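Results of the structural survey
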Amino acid sequence: MCVTTQRPLAIDEILHFDLPLAGTEHVDGRARVVRQERHDQYALRFEGLLGPTRERLQAFTERD
C-alpha cells in the first residue's frame, strides 16, 4: 500500500488503518512503513491480516 501524508513517518513504524471499500464496507488492520518514496509518500506492508480481511482487500484490488 502507498500513502501520502503531511506527518513524517519512520521506517518500521506500525500504523493502524481503516480503509473504505465499496459502499459501507471497509477493512482495517496494521501496516508497517517499509520505505519512503518522496518527502510525503511512503510504501507500507500489511501486517497480520486475517483471512477474511485479506480476501476482501484482494477482491477489491482485482475489480475492473
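Residues numbered from 1 in each chain as written. Predicted model: local features only at pLDDT ≥ 70, side-chain atom pairs only at ≥ 80, totals over all residues. Heavy atoms only, no water.

1. Overview of the overall build of the protein chain
For the record, the criterion: Only DSSP runs of H or I reaching four residues or more are called helices, and only runs of E reaching two or more are called strands; each is numbered from the N terminus. Per-residue accessibility, obtained with a 1.4 Å probe over protein chains only, is compared with the maximum for each type, and a residue is labelled buried under 20%, exposed over 50%, and partly exposed between these values. Contacts are assigned to residue pairs with any non-hydrogen atoms lying within 4.5 Å of each other. With residues, only the protein chains shown are counted as cover, and all accessible areas are computed by Shrake-Rupley using a 1.4 Å probe. Neither His nor the chain ends contribute to the count of charged residues, in which Lys and Arg are positive and Asp and Glu negative. Throughout, a charge is located at the NZ atom of Lys, the CZ atom of Arg, the CG atom of Asp or the CD atom of Glu.
Along the backbone of the protein chain there are one helix and four strands. If you line up the protein chain on its principal axes, its C-alpha atoms span 30 × 25 × 20 Å. Here the protein chain holds 64 residues, and the buried ones make up 28% of them. Put simply, of all contacts in the protein chain between residues at least 6 apart along the chain, 38% involve residues at least 24 apart. Accessible surface for the protein chain amounts to roughly 4,700 Å². Of this, 50% is attributable to carbon and sulfur atoms. The protein chain carries 9 positive and 11 negative side-chain charges, and their two centres are separated by 4 Å.

2. Things to note about the sheet that holds strand S4 (residues 41-47)
To keep things clear, this is the line we draw: For two strands to be treated as a pair, DSSP must find no fewer than two bridges joining them. Fitting a line to C-alpha atoms yields each axis, with helices limited to the stretch in contact; the angle taken between N-to-C directions then spans 0 to 180 degrees.
Read from one edge of the open sheet, four strands run S1-S4-S3-S2, paired in antiparallel fashion. What marks the edges here is a single partner per strand, and that holds for strand S1 (2-4) and strand S2 (14-20). In this sheet, adjacent strand axes meet at a mean angle of 50 degrees when their direction is disregarded. Summarising the sheet, S1 and S4 pair through three bridges and their orientation is antiparallel.

3. Details of the pairing of strand S3 (residues 26-38)
Looking along a regular strand, one sees the side chains alternate between the two faces of the sheet. Two strands pair when backbone bridges link them, and S2 and S3 are joined in this way by seven bridges, in the antiparallel orientation. Looking at the pairing, Leu15 lines up with Ala31 of S3. The hairpin formed by S2 and S3 contains five residues between the paired strands, and Gly23 there has a positive phi angle of roughly 60 degrees. The sheet contact formed by S3 and S4 spans seven bridges and is antiparallel. Of the residues in S4, the one forming a bridge with Ala31 is Phe46. Hairpin connection of S3 to S4: two residues between the antiparallel strands.

4. Quick word on the packing of aromatic side chains
Threshold: Between the rings of Phe, Tyr and Trp (Trp by its six-membered ring), a pair exists once the centres lie within 6.5 Å; its type follows the angle of the planes, with under 30 degrees stacked, over 60 edge-to-face, and the other angles tilted.
If you walk through the whole model with that rule in mind, you get one aromatic pair. Look at Phe17 and Phe46: their rings are 5.3 Å apart centre to centre, the planes differ by 55 degrees, and that puts the pair in the tilted class. You can see Phe17 sitting in strand S2 and its partner Phe46 sitting in strand S4, a full 29 residues away along the chain. Residue classification places Phe46 among the partly exposed positions, given a relative accessible area of 29%.

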